[in-house]
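If you want the building blocks of each chain, they are given just below.
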Amino acid sequence: MSPRCEVCAGATVTKICKGTPQHEEICLGLFTLVLTEPTQAQKCYRDLALVSRDGMNIVLNKINQILMEKYLKLQDTCRTQLMWLLRELVKSGVLGADGVCMTFMKQIAGGDVTAKNIWLAENVLEILTEQREWVLKSSLLIAMAVYTYLRLIVDHHGTAPLQALRQKEVDFCISLLRERFMDCFMIGRDLVRLLQNVARIPEFEQLWKDIIHNPQVLSTQFTGVLQLLQSRTSRKFLACRLTPDMETKLLFMTSRVRFGQQKRYQDWFQRLYLSTPDSQSLRCDLIRYICGVVHPSNEVLSSDILPRWAIIGWLLTTCTSNVAASNAKLALFYDWLFFNPEKDSIMNIEPAILVMHHSMKPHPAITATLLDFMCRIIPNFYPPLEAHVRQGVFNSLTHIVEKRVLAHLAPLFDNPKLDKELRAMLREKFPEFCSSPSPPIEVKIEEPVSMEMDNHMSDKDDSCYDNAEAAFSDDEEDLNSKGKKREFRFHPIKETIVEEPVDITPFLDQLDESLKDKVLQLQKGSDTEAQCEVMQEIVDQVLEEDFDSEQLSVLASCLQELFKAHFRGEVLPEEITEESLEESVGKPLYLIFRNLCQMQEDNSGFSLLLDLLSELYQKQPKIGYHLLYYLKASKAAAGKMNLYESFAQATQLGDLHTCLMMDMKACQEDDVRLLCYLTPSIYTEFPDETLRSGELLNMIVAVIDSAQLQELVCHVMMGNLVMFRKDSVLNILIQSLDWETFEQYCTWQLFLAHSIPLEAIIPILQHLKYKEHPEALSCLLLQLRREKPSEEMVKMVLSRPCHPDDQFTTSILRHWGLKHDDLLAEHIKALLIKNNSLPRKRQSLRSSSSKLAQLTLEQILEHLDSLRLNLANTKQNCSAISSPWLRNTRTRPANPPRAAGRPPSPAPAAARALRSPPTTRRSRRPAAPRRRRTPNPNPQSGSGRAPPPWVRTATEAQRGRAAPTARRSAPIATAPPGGGGGNCTCVSPPHSVFPPISPPPPPRRHRCADFQTRDVNKGVSTKGWG
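Residues numbered from 1 in each chain as written. Predicted model: local features only at pLDDT ≥ 70, side-chain atom pairs only at ≥ 80, totals over all residues. Heavy atoms only, no water.

The protein has the name Integrator complex subunit 3 in an unreviewed UniProt entry, where Gallus gallus is given as its organism. Recorded in UniProt for the protein, the comment headed Sequence similarities (unreviewed entry) runs: "Belongs to the Integrator subunit 3 family." (UniProt positions renumbered as here; feature names shortened; annotations may be inferred.)

This is how it looks when you write it as structure tokens:
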């Protein structure tokens, strides 16, 4: 060794001997060189092996941390060096290297055949194959490797490189399964599921023969496939097939996302992991993980957090491959097949029954296919074990009823929405569960936390389940006596908070001495002013140039523990004044916000404080809405609301919209008054994120009371708040149709406070059903009655389906007829003419929007007939409403001139129908011929209404002007070509929308007796009428 090297080595040893922190610095420094300097890696690893005093435990922990948290952000060079380092650790037999190897395997994504993922799978497999003796020393590593590569074999097919990799994986798995089968046995029943997927590969086909017919060949302790199927799969195996990033996002959805607002997160997840054809196989891994690993606490189950069954239902409905769909259903029911209540958890089988139960109303096809699968899997899974499978499914259903997941199964198994054959099959397979003595009531049970059981969201989205709904025992009598449901909202019991002494000792040891002393002073400070002074000193030290940013995370942990009381209770003062607001923002923690407001964004200290807040946000998510409050309430932060956007981008979420929604959600749960206080500023400062967000509006209207609603309405009226924009209001109102009744009424009140013309939202009528959306219909009806009818309004109103129980169209037409009779008559006449002149063959129905917007002649006449029937008992109103139409149509001849190819308008028929109440056939009497009334030739006299230009008056007829030739008309009786009084029935249709006003005259032979016509609407040919 050269003298220089001896000096360096001596200096290193001396530094290491100083203590643990110096030893850690040297080890992590050498580890960093290994990752970033490939040419120096061999030497640095040798030095690392020499100086490490803890068996490289520090380095192993850091590798695992990088793999779990930062692997996706690593550059290719660092990834290659990490793989090289793993190889060296395995060669050296370092204790704990097997854990690093399993973490590497967790990063191999299923359903992903991109180059980087294949490189990772191939290199890990190469290490495991080369170091076989080392692998055989760890039973857990053997089982984990077999489970991982059995699953990956399914994805690796097609190209030659993938086929070569697949063969290596097959050889590796077969050798371990045959030599160390009992080590692989610890996987449990999911080993059988994975082996089923690869059963057609010759090597595995031979293995299956041995498992079924000669199990003793594999191990003397192995008695057969039943022994394996009755063994539950451990969580660690189910979790190993999801990458850390997938797992984090899935846990986020099941713990932070509100039910009903999950679409954006599901789209986000699908875009990242489920967008390719190869990724379809990942759905099985996700479903097994959700059933076997994600077991929410009772607190989460009782809240409005997205339930497991909803995510599984989404995975099933978005599956595009039949094979993947079948495998996904098997993954969902897999724990049912050999369920043993003494060994297996109810949480493993609960999602399947709830998916079926909640899908019955919105997606009956999903429920039907799952029930069909459950029945057919019993004889078909493995015929020799049919009795065991039947017993397992029976045990599952019995346990579900006993644990009150569903009180009764009869409403599910014998639902009229199901196919008759399926219901018959269910009655045959499960007669015990197909009869119920009482109506089903889904009940929230109270189990110990260890049982981890609940029925999921009895008060969740009504569109996701049928009429069975949770009821508390004290309210069941009210439920039955009143004949309607009462709504309940979960309110956690507020327990008395007992202040415990804060222990920050574990964090203090990781801080510098100077920072440590200041944190201790902060802990001992008794009054707020003293704490603020110390806090300012801490901020000043953070802003120093030589501050180690690695300590930000530890400092954030200390601050979060010390200031827990800041995040309890209400933030907003009881009485809002300038003095009370300034006093409320004088907390020590808010000094970070104040310093941030005083800095320029290009200042280096600005990013440091943002990093500190980001670390705090990770540990205490409430810090987000506290920052919003400070920026709104503090005079020092006036005009600085854009700082929140910089904060959102500095967090791990990295997205303003997501961060804002999460913070407002946290605020909604903690302090509703503060939510209302922040709302005007949020909508004003972040219009792009809020004005298009139904999610934020739903958060607000879900918790406010009538006084807070009135306050928001006043803000809107005074111009301080804009919650709707003309271009996005329609979409938000459509989203609100699925909300609770009071939430919808609040939404409409807030909308009506804005000056948005009603024409902007009138298309919502196409989405409203009278049984499902009474809130929106009533609000819209009250608003329409204040408006003058426009043609578009009348068109949308008439476009609604005509139903005897739906009085919306009739009531608004009646009101408009009383208040705006002439205007309404003009619009209806225009619509009749337009719709009667549209060429039917050209009406396109290719899109759902065109279907909704289509207005047919039959619809118009049905609504007018409904209005006529409604007015039959109100003679005074009847004459008032029908008079405008009579004035517009009574002078119109039977055969007006029109463009070629256009059928005549049915307006006269409608007018004739409105002129008289309905009569029965038996009560009709022959009436004297009605004399045609000659309109006033002077348009300035009489009623002052000039006849339409196409009207042929009696005076013109007397002058000898020939009537234009009439084409065939379906709904309107026209005069015969030979003239006469118009009583000829030779071209009358066989039936009409309205009953005739008077009976026809006695039939007489006419010269056009052989004239043939066709009803263009009904397609009925008539010949030789009369």
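Picking up where we left off.
A. Quick peek at the nonpolar core. Core analysis: the biggest nonpolar cluster contains 288 residues, and Phe204, Trp336, Ile353, Phe413 and Tyr629 have the highest contact counts within it. With eleven residues, helix H9 (residues 139-153) is the largest single contributor of residues to this core. Contact partners of phenylalanine 413, with chain neighbours within four places excluded, come to Leu371, Met374, Leu397, Leu418, Arg423, Leu426, Phe430, Phe433 and Cys434. (Core = buried A, V, L, I, M, F, W, Y, C linked by side-chain atoms within 4.5 Å. Buried < 20%, exposed > 50% of the residue type's maximum accessible area, 1.4 Å probe, protein only. Helix = DSSP H or I, 4+ residues; strand = E, 2+ residues; numbered from the N terminus. Contact = heavy atoms within 4.5 Å.)

B. Summary view of helix H36 (residues 643-650). Regarding H36, the residues found buried are Leu643, Tyr644, Ser646, Phe647 and Ala648. Contacts made by the buried residues of H36 are with helix H33 (590-598), helix H34 (604-619), helix H35 (623-633) and helix H37 (656-670).

C. Examining the pattern of salt bridges more closely. Applying the stated rule across the entire model yields 37 salt bridges. A salt bridge links arginine 178 to aspartate 210; the shortest N-O distance between them is 2.9 Å. Of this pair, arginine 178 sits in helix H10 (residues 160-179) while aspartate 210 sits in helix H13 (residues 202-213), and the two are 32 residues apart along the sequence. Arginine 178 sits in the partly exposed class, given a relative accessible area of 30%. Between aspartate 372 and arginine 376 there is a salt bridge, with its nearest N and O atoms 2.8 Å apart. Taken as a pair, aspartate 372 and arginine 376 lie in helix H23 (residues 364-380) at a separation of four residues, close to a single helical turn. (Salt bridge = Lys/Arg side-chain N within 4 Å of Asp/Glu carboxyl O.)

D. Region of interest: the packing of helix H4 (residues 57-69) against helix H5 (residues 76-92). Two elements in contact, H4 and H5, have axes separated by 12 Å at closest approach and are oriented at 140°. When you trace H4 past H5, the crossing you get is left-handed. Counting all contacts with H4, which are made through Leu60, Ile63, Ile66 and Leu67, the residues of H5 involved are Leu82, Leu85 and Leu89. Considering only residue class, the contact of H4 with H5 consists of seven nonpolar, no polar and no charged. (Axes fitted to C-alpha atoms, helices over the stretch in contact; angles between N-to-C directions. Left-handed = near helix turned anticlockwise from the far one by under 90°. Nonpolar A, V, L, I, M, F, W, Y, C, P; charged D, E, K, R; others polar.)

E. Main features of the confidence of the model for the protein. Averaged over every residue, the pLDDT of the protein is 76; the share at 70 or more is 75%. Between residues 876-881, whose pLDDT stays under 50, and residues either more than four places distant or in other chains, the model counts ten contacts. A low-confidence stretch, residues 883-1026 stays under pLDDT 50, and its non-local contacts, those more than four residues away or across chains, total 170 contacts. (pLDDT = per-residue confidence, 0-100.)

F. The arrangement of the packing of aromatic side chains in detail. Throughout the structure, instances matching the rule amount to 25 aromatic pairs. Ring plane angle 45° and centroid distance 5.9 Å describe the contact between tyrosine 147 and phenylalanine 237, whose orientation is recorded as tilted. Of this pair, tyrosine 147 sits in helix H9 while phenylalanine 237 sits in helix H15 (residues 235-239), placing them 90 residues apart in sequence. In this pair, the class of tyrosine 147 matches that of phenylalanine 237, namely buried. Ring geometry for tyrosine 265 versus tryptophan 268: centroids 6.3 Å apart, planes at 70°, classification edge-to-face. Placement of both tyrosine 265 and tryptophan 268 in helix H17 (residues 263-273) is noted, with a separation of three residues, approximately one turn of the helix. We classify tyrosine 265 as buried; its relative accessible area is 5%. The rings of Tyr617, Tyr644, Phe647 and Phe686 are connected pair by pair, giving a single aromatic cluster. (Phe/Tyr/Trp six-rings, centres within 6.5 Å; stacked < 30°, edge-to-face > 60°.)

G. Looking closely at the packing of H5 against helix H6 (residues 97-106). Remark: H5 packs on H6, axes separated minimally by 9 Å, with the N-to-C direction vectors making an angle of 145°. Considering the relative orientation of H5 and H6, their crossing is left-handed. Taken together, the residues of H6 that come into contact with H5 (itself represented by Leu82, Met83, Leu86, Leu89 and Val90) are Ala97, Val100, Cys101 and Phe104. Considering only residue class, the contact of H5 with H6 consists of nine nonpolar, no polar and no charged.

H. Spotlight on the environment of leucine 656. Following the sequence through the fold, leucine 656 ends up in helix H37. The class for leucine 656 is buried, based on a relative accessible area of 9%. It is 7.9 Å that separates the C-alpha atoms of leucine 656 and glutamate 689, two residues lying 33 residues apart in sequence.

I. Structural detail: unusual backbone geometry. A positive phi angle, close to 60°, is found at methionine 56, a residue other than glycine. The buried category is assigned to methionine 56, whose relative accessible area is 7%.

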